[in-house]
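Here are the chains, one letter per residue:
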Amino acid sequence: MKTRTADRIKIRRQLPTSPWLFAAPGLAIVAVFILYPFVSTLNNSFTDKRTLIPGEYVGLANFRELLHDDMFWIGLRNSTLYVLVVVPALVLLPLLLAMLVQKHIPGITFFRSAFYTPVVASIVVVGLIWVWMLDERGLVNAVLEAVGVGKVGFLSDQWLLLFSAMAVTVWKGLGYYMIIYLAALANVPRELHEAAAVDGAGAVRRFFSVTVPAVRSTMVLVGALSSVAAFKVFSEVYLMAGPTGGPAGEDTTLVMLVQRTGTGLTGRVGYASAISVVVFVVTVALMLLVLRADRKEDA
Amino acid sequence: MRISRIPRRAVAAGAVLAVLLPLSACGDGGDDGGSTDASGKIEGKITFQTWNLKANFKPYFEGLVAEFEDKYPGTDVKWVDQPGEGYADKISADAAAGTLPDVVNVSPDLVAPLAKAGLALDLGKAAGKYEKEYLPGAWKSHQIPGTEGTYAFPWYLNTGPLFYNKRLFKEAGLDENKPPKTYDQLFGQALQLAKKSDGKVATLANVPTIEDFGRYGVPLMNKEGTGFTFNDAKGVELLTEYKKLYDAKALDGQALTATPESTGKKFLTEAVAMNPGSALDLEKFKKEAPKLYKNIGITPQISSTGKDNMYVMGVMVNARTKQTPAAVAFAHFVTDAEHQMEFAKKVAIFPSTRGSLDDPYFTEQDGKEETRVRVAAAKSIKTAVNYTPVLFSEQMKVELRNAVAKALQGKESPEEALDNAVKNCDRLLKQS
């Protein structure tokens, strides 16, 4: 009896700390791979640190320099443009695709898998394939020449290059968001569609009055996820526009600028960190904007 | 009895600090370095790092390491190889973490920031007695303007010929046996080729790089190494000529975003008429483009100075090595005349040691095309220059490339573009 009481006290004594012990491995991972890099980046953004030189505190000098750096404004313009074009496409097109493949007809599984394939494909492979296709002597230009349009400089014109990269991002993301929408559509009661149809609503009306309201929270989620991913775009543009970021660097995005500025033996870690802080602030602002828009709709 | 509870916030803060505080000590390496005296006993364990050489030359390097260990009992050399892609990033990560290998394969532009950070051993001091074994130009290639010292042993040199497509030259009414040698000849022939092919065949697929400015005779940097000068009248003249080529489609439309791989592919598919390469490319042409191989022409690099461009590889010693005598001895062993010659017979590179280029291997023809390329390249390398300034970093290359692109697109005049490039490169130089 005495032993049992002692055990209870022992267990009680351990209780306050034991949850922390269970959480410790996860917390350690978060601290090492997220918290420390974040704090370090924030700290570095106020220094003139180089790759091999520790650097000194320079206050807001890096942020002031950003204001006069043409390449920063080009990066901000391109990243913002990416969000404005890619996000609406990735909110709407996968929903339409999901509605298309939602129907239970023979062979539909093949199409669902086919639409999902780009998601699992390596971005490097995808990027290279598109570069081959969009090359001046590639498949797309061969077709355009055959139909009399003539060659189009997809990979040499600054705007066409950026929009080509956006098209690849949308094409690669369609399947992923389609799956999310498929799950949401499965929860839309069929009776609602039937009732709307009985009331004389056509397909378009049913889409806007039944489907969209039913999957609105999923659309917000897709909007939030895709806007963050679009603002931080790197791989597609890097693979298609090359390490210099297109002709005269005009297709550089902010994350590409971070990579170019902060890496290598002469990398300006402090300055690149300042750009990273701006990317972080804009990303958080984007998330808050999307969530706020959702709340307003709810009100 | 009341059990005292530890506040949750205190536990969380403690956990975070326990993780972060040790980490905050990481990063800058610390000056716990070794000695600059290489005269002691050659012994101990050292690490040797090469740059993308394991895939093709594993037996050679394993033999080299074994030979050194036999020669100096008590030494233990660990050979590591890093992929070509991201090599500078790997070195910078190792240097920042204080884990740079004892002996490292470097190029002059990589050694410059390492030397400035005090991580490359001054071999002028530690191993100056070996200087006379190397070609003077090669020995100087690892000296950095503004600092005293030599920070790597010169290793192999490379220069490449220029390949051209004889069929395309002939079809444009040009003499396929008289390819351009100077930039003026190149500009004239390229414009004719573009005109005759109605803009369908470009002569070049690359925008001018810093080496082109050097070969055109543009002064690239002041003698003190404190500022760039490639925006002088000669530089503006070169860029103006390239703009004419771009407008006439004599320079490929995708040149502004081209990579060495993409230009190589364009030459292989006969979309461009000229492309730089090496003796190794001949085999590739034979296998992948037999039609091109039949029409292949080989000519020295275009140069208006009479001197070709050469690339220099070096072997540096980590200034913080604990085994300075062994590291210096091994770096010298890798780069001495005997081993450079042995390596040169395995791959199309050229030794940087005195007298090695006079070996019959580099002077005598045997009727083979590869030998013809090798002998011609060895001849040109005797007077070749490493035009790229050692202080010209990757970021500066991007600045120049972007400026060139702006001028070619007509967004800025050649003069304005080069002035801006020099201004930005000077700023980066001051910040480095």
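Residues numbered from 1 in each chain as written. Chains lettered and ligands numbered in written order. Predicted model: local features only at pLDDT ≥ 70, side-chain atom pairs only at ≥ 80, totals over all residues.

## Quick notes on the overall build of chain A
This is how it is decided: A helix here means a DSSP run of H or I that spans at least four residues, while a strand means a run of E at least two residues long, and both kinds are numbered starting from the N terminus. Computation of the radius of gyration draws on C-alpha atoms alone. For the globule rule, the value is 2.2 Å times the number of residues to the power 0.38. To sort residues by burial, count the other C-beta atoms lying within 10 Å of each one's C-beta; a count of 20 or more means buried, 12 or fewer means exposed, and anything in between means partly exposed. C-beta atoms are built from the backbone. Here contacts are defined at the residue level, using C-beta atoms placed from the backbone and a cut-off of 7 Å between them.
Secondary structure summary: chain A contains 14 helices and 0 strands in total. Scanning chain A from its N terminus toward the C terminus, one meets helices and strands in the order α-α-α-α-α-α-α-α-α-α-α-α-α-α. For a compact globule of 299 residues, the expected C-alpha radius of gyration is about 19 Å, and chain A comes in at 25 Å, more than 25% above that figure. Projected onto the principal axes, the alpha-carbon positions of chain A cover approximately 85 × 60 × 35 Å. Counting over 299 residues, chain A shows a buried share of 35%. Expressed as a percentage of contacts within chain A between residues at least 6 apart in sequence, the contacts between residues at least 24 apart total 70%.

## What about the confidence of the model for chain B?
Residues and elements named next belong to chain B. Where we set the bar: For every residue, the predictor states its confidence as a pLDDT score lying anywhere from 0 to 100.
When pLDDT is averaged across chain B, the result is 88; 91% of the residues are at 70 or more. Taken element by element, chain B is modelled with least confidence in helix α1 (residues 8-24), mean pLDDT 43, and with most confidence in helix α10 (residues 233-247), mean pLDDT 97. Taken together, the stretch residues 1-6 has pLDDT below 50 and engages in 6 contacts with residues farther than four places along the chain or on a different chain. Confidence metrics for the complex model read pTM 0.83 and ipTM 0.78.

## Re the domain arrangement of chain B
Residues and elements named next belong to chain B. Just so we agree on the cut-off: Note that the domain bounds were set by an automatic or database domain assignment.
Assigned domains within chain B: domain 1 (44-158 + 311-379) and domain 2 (162-308 + 387-431). Between domain 1 and domain 2, the contact holds 13 residues from the first and 15 residues from the second. At the level of secondary structure, the elements contributing two or more residues to the side of domain 1 that touches domain 2 comprise α4 (108-116) and α17 (369-381).

## As for the environment of T211 of chain A
All names here are of chain A. Summarising the element assignment, T211 is placed in helix α10 (residues 203-214). Note: C-alpha distance between T211 and A184 (27 residues apart in sequence) is 9.7 Å. Look past the residues within four positions of T211 in its chain and what remains in contact with it is V188 and R206.

## As for the pairing of strand β3 (residues 103-106) of chain B
All names here are of chain B. Operational definition: Two strands qualify as a pair provided that DSSP identifies no fewer than 2 bridges between them.
Where burial is concerned, the two faces of β3 agree: the one with V103 and N105 and the one with V104 and V106 are both buried. Relative to β3, strand β1 (residues 44-51) is paired through 2 bridges, and the arrangement is parallel. Opposite Q49, over in β3, you have V104 as the bridge partner. Sheet analysis places β3 next to strand β8 (residues 311-317), joined by 4 bridges and oriented antiparallel. Directly across from V104, in β8, lies its bridge partner M316.

## Details of the nonpolar core
Our working rule: Think of a nonpolar core as buried Ala, Val, Leu, Ile, Met, Phe, Trp, Tyr and Cys residues chained together by C-beta atoms that fall within 7 Å.
Membership of the largest hydrophobic core comes to 124 residues, with the highest contact counts inside it found for V111, A120, M316 and F330 of chain B. Here this core gathers at least three residues from each of two domains, domain 1 (44-158 + 311-379) and domain 2 (162-308 + 387-431) of chain B.

## Re the packing of α10 of chain B against helix α19 (residues 414-431) of chain B
Two quantities define a packed helix pair, namely the angle between the axes and the distance from one axis to the other. Residue and element names in this part refer to chain B. For clarity, the threshold we go by: To define axes, lines are fitted to C-alpha atoms, for helices over the stretch in contact only, and angles between the resulting N-to-C directions are given on a 0 to 180 degree scale. Orientation labels follow simple angle bins: below 35 degrees gives roughly parallel, above 145 gives roughly antiparallel, 65 to 115 gives roughly perpendicular, and whatever is left gives oblique. By convention, the crossing between two helices is left-handed when the near helix turns anticlockwise from the far helix through less than a right angle, and right-handed when the turn is clockwise.
Two numbers describe how α10 lies on α19: the axes approach to 9 Å, and their chain directions differ by 125°. Between α10 and α19, the interaxial angle falls into the category oblique. Where α10 crosses over α19, the two elements pack in a sense that is right-handed. Where α10 approaches α19, its residues G235, V236, L239, T240 and K243 are matched on the opposing element by P414, E415, A417 and L418.

## Digging into the interface of chain B and chain A
Opposite the 40 residues of chain B that make contact, chain A presents 35 residues. Where the side of chain B that touches chain A is concerned, the elements lending two or more residues are α1, α3 (87-97), α4 and α18 (394-409) of chain B. Ranked by residue count, the leading element in the side of chain B that touches chain A is α18 of chain B, at 8 residues.

## Quick look at the sheet that holds strand β7 (residues 296-299) of chain B
All names here are of chain B. Reading across the sheet, the 3 strands line up as β6-β5-β7 and stay open at both edges, with antiparallel pairing between neighbours. The open sheet is flanked by β6 (274-276) and β7, the only strands paired with a single partner. If you compare each strand with its neighbour and ignore which way they point, the axes differ by 25° on average.

## As for the environment of V104 of chain B
The residue V104 of chain B is located in strand β3 in this model. Filtering out sequence-adjacent residues up to four positions away, V104 of chain B remains in contact with Q49, I91, M316 and N318 of chain B.

## Here we look at the packing of helix α4 (residues 70-102) of chain A against helix α11 (residues 216-231) of chain A
All names here are of chain A. Applicable threshold: Basically, the charged four are Asp, Glu, Lys and Arg, the nonpolar ten are Ala, Val, Leu, Ile, Met, Phe, Trp, Tyr, Cys and Pro, and anything else, Gly included, counts as polar.
Viewed as axis vectors pointing N to C, α4 and α11 meet at an angle of 150°, and their least axial separation amounts to 8 Å. Classified by the interaxial angle, the pair formed by α4 and α11 is roughly antiparallel. In the packing of α4 onto α11, the handedness of the crossing is right-handed. On α11, the residues that touch S79, Y82, V83, V86, V87, L90 and V91 of α4 are M219, V222, G223, S226, S227, A230 and F231. In terms of residue class, the contact of α4 with α11 is built from 10 nonpolar, 4 polar and no charged.

## Some remarks on unusual backbone geometry
Residues and elements named next belong to chain B. Even without being glycine, K249 reaches a positive phi, approximately 65°. Within the secondary structure, K249 sits in the loop between α10 and α11 (260-268). The residue E270 is not glycine, and still its phi comes out positive at about 60°. On the secondary structure map, E270 appears in the loop between α11 and β6. Classification of E270 by C-beta neighbours within 10 Å gives partly exposed; the count is 15.

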